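Structure at a glance
In case you want the letters, here they are:
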Amino acid sequence: MTTFKDLGAGKKLCTSIAAMGWNEPTPIQENAIPVGLSGRDLLGQARTGTGKTGAFSVVALGRTKAGSKTPTTMVLSPTRELADQISKEMKELSKATRHVVVPLYGGTSYAEQLKALSAGCDVVVGTPGRVMDLMGRGALDLSSVKELVVDEADRMLDMGFVEDVFSIARAVPEKRHTMMFSATISDEVRKVAAAIMKDPETVSVSQDGIAADSVRQYYVEVKRNGKMDVLRDILANGEPKTIVFCSTKKMVDDLYEGMSREGTRVGAIHGDMPQSRREKTIRGFRANKMSILIATDVAARGLDIDDVECVVNYDAPLDPETYVHRIGRTGRAGRKGIAFTMVTPREDLRIPSYQEFTGEEIERVTRKMIAGMEIANPELKALHPVKREKPKPKAPEPRKARRGECAVISLDIPRSMGATRTDVSDFVTSVVHVGRDSLGRIGMSEAAVFVEIDPEIEKDALKALNGASFRGRKVRASPAPVKPRRKEGESRVPALPFKSIK
Ligand code: AMP
């Protein structure tokens with residue numbers, strides 16, 4: 001058996017590692033730690049749950065001394081949740097080495113972060129937005145950084161953070177050691193790697209390891225309005241600790257409202273909720289105050305909860321990478337998990353793409369079959385019995401947007417590019433990570449394309465689309481003016497500033 005000591009981890013680090021109960025390095029740790037400790041730049045292919053945080057942390061903490069005035073390690077994460085988890089794990093790992101770790105992300109107090117920075121620290125873990133912000137205020141000095149880590153690079157790209165990552169990399173001394181991790185290594189990820197690293201060695205864990213074989217995977221064919229019934233069937237089967245994924249914030253709100261009204265204790269997280277509330281919900285789910293968490297992809301990214309028994313894709317994800325990210329929330333820490341994906345007749349073609357990507361079979365099941373399946377783990381259930389609440393007379397979270405109203409986004413894709421409506425909708429849904437249902441009509445003018453979109457996701461969509469690449473060209477996205485309705489009550493969908501081509 002290889003030990004952390006064999007991989008080159010120092011004595012103090014090994015003490016913390018032992019205290020954390022890590023008896024043996026995971027495959028990514030075994031492959032990445034020696035490369036990283038040797039000082040070679042590193043591009044690691046690993047998804048959350050593989051131990052990648054441990055891998056880069058052991059390297060960064062092993063290569064830097066504690067007790068600095070300004071940070072010597074900078075870790076960038078695409079989301080607050082992940083930044084929070086990384087900083088917690090790094091704090092644990094540095095208990096014996098005494099490195100001081102400071103998390104820097106939006107939604108938390110500036111005053112506290114500024115105080116921690118001026119007191120001196122060794123490691124900063126932050127989201128690109130807050131890091132840029134603190135650099136701009138002159139509060140964060142990156143001139144002593146020796147170790148730069150970019151985590152979840154594919155998500156950084158998806159979320160439009162790549163320019164920020166470049167700016168931060170420029171603010172860090174050129175003479176540094178850089179490690180970048182990504183669940184998938186696309187051409188774009190390689191381009192970012194080439195821009196910020198020198199001759200990196202690629203370290204990957206086998207493709208087989210991507211969709212953990214510890215997850216049984218099923219799909220259920222449903223009509224759009226039959227999803228709630230299938231979800232009830234799944235949850236009735238022993239009430240497993242479950243994360244339910246939806247493609248839009250609105251869907252999360254709707255489902256939360258519906259289930260709360262039925263008296264089921266559920267939590268919900270999405271990007272529009274204040275950070276404090278999201279954290280409270282995640283803490284509650286972790287502590288089994290509720291056994292069901294409804295989430296969007298962005299809010300659940302990197303969530304690391306060991307005893308999740310079941311993942312339900314209430315909306316089938318568009319791309320296989322998202323599928324893998326989602327089902328990877330279960331079957332962790334040596335436990336078995338189960339994943340169900342609901343597909344409407346229009347979506348069932350997505351199943352083969354997931355299967356191709358993971359190399360694993362996804363079995364079709366019917367509602368009847370679900371009734372006879374073993375989903376919840378009875379031992380775990382004894383530890384966290386599901387609590388039911390009295391049905392609430394009123395929905396706790398009223399939706400802001402009124403059904404039928406649309407925002408319109410314009411994209412500078414000229415007619416001359418010959419893009420069809422399907423091309424545009426495929427582009428938007430994949431970049432924004434939403435289903436086709438979140439889009440309305442799509443129209444074109446000579447100079448631009450206009451897309452009707454659910455107003456609740458407009459802000460996120462603009463952020464994701466701006467700078468995204470369509471046929472190798474960067475797209476600019478902006479909110480388009482919407483003409484007022486002609487007659488009140490005639491149509492709830494505002495007129496588009498163009499002739500629809502639907
Ligand atoms: P990550 O992929 O970094 O999100 O890590 C997933 C989980 O595995 C975290 O809860 C880590 O604390 C845990 N972990 C990381 N490395 C090891 C290890 N060598 N042995 C046991 N657990 C580990």
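The rules behind the values
- Residues numbered from 1 in each chain as written.
- Predicted model: local features only at pLDDT ≥ 70, side-chain atom pairs only at ≥ 80, totals over all residues.
- Heavy atoms only, no water.
- Salt bridge = Lys/Arg side-chain N within 4 Å of Asp/Glu carboxyl O.
- Helix = DSSP H or I, 4+ residues; strand = E, 2+ residues; numbered from the N terminus.
- Buried < 20%, exposed > 50% of the residue type's maximum accessible area, 1.4 Å probe, protein only.
- Contact = heavy atoms within 4.5 Å.
- Phe/Tyr/Trp six-rings, centres within 6.5 Å; stacked < 30°, edge-to-face > 60°.
- Lys NZ or Arg CZ within 6 Å of the ring centre and 35° of its normal.

1. Re the pattern of salt bridges
Under the definition given, this model contains 26 salt bridges. Put simply, Glu81 and Arg278 hold a salt bridge, and the shortest N to O gap is 3.1 Å. With Glu81 in helix H5 (residues 80-93) and Arg278 in helix H13 (residues 275-286), this residue pair connects regions lying 197 residues apart in the sequence. The exposure class of Glu81 is buried, given its relative accessible area of 6%. Here Arg278 falls in the buried class, since its relative accessible area comes to 5%. One salt bridge connects Asp272 with Lys249, and the closest N-O pair in it is separated by 3.2 Å. With Asp272 in the loop between strand E10 (266-269) and H13 and Lys249 in helix H12 (residues 249-261), the pair connects residues that are 23 residues apart, well separated along the chain. A residue is classified by how much of its surface remains accessible, and Asp272, at 35% relative accessible area, is partly exposed.

2. Quick look at the environment of Arg278
Sequence separation between Arg278 and Ala300 is 22 residues, and the spatial gap between their C-alpha atoms is 9.9 Å. For Arg278, the residues in contact, after removing those within four places along its chain, are Arg80, Glu81, Ile269, His270, Gly271, Met273 and Ala299.

3. A word on the packing of aromatic side chains
One pass over the structure, following the stated rule, counts five aromatic pairs. When the ring of Tyr218 is compared with that of Phe340, the centres are 5.6 Å apart and the planes differ by 25°; the resulting orientation is stacked. Note that Tyr218 is positioned in strand E8 (residues 215-221) and Phe340 in strand E13 (residues 337-343), a separation of 122 residues in sequence. Taken together, a centroid distance of 4.9 Å and an interplanar angle of 65° make the contact between Phe427 and Phe470 edge-to-face. Residue Phe427 is found in helix H19 (residues 421-432), and its partner Phe470 is found in strand E18 (residues 469-470); the two are separated by 43 residues along the sequence. Across the pair, Phe470 and Phe427 agree in class, each one buried. If you follow Arg130 out to its NZ or CZ, it ends over the ring of Tyr110, 3.9 Å from the centre.

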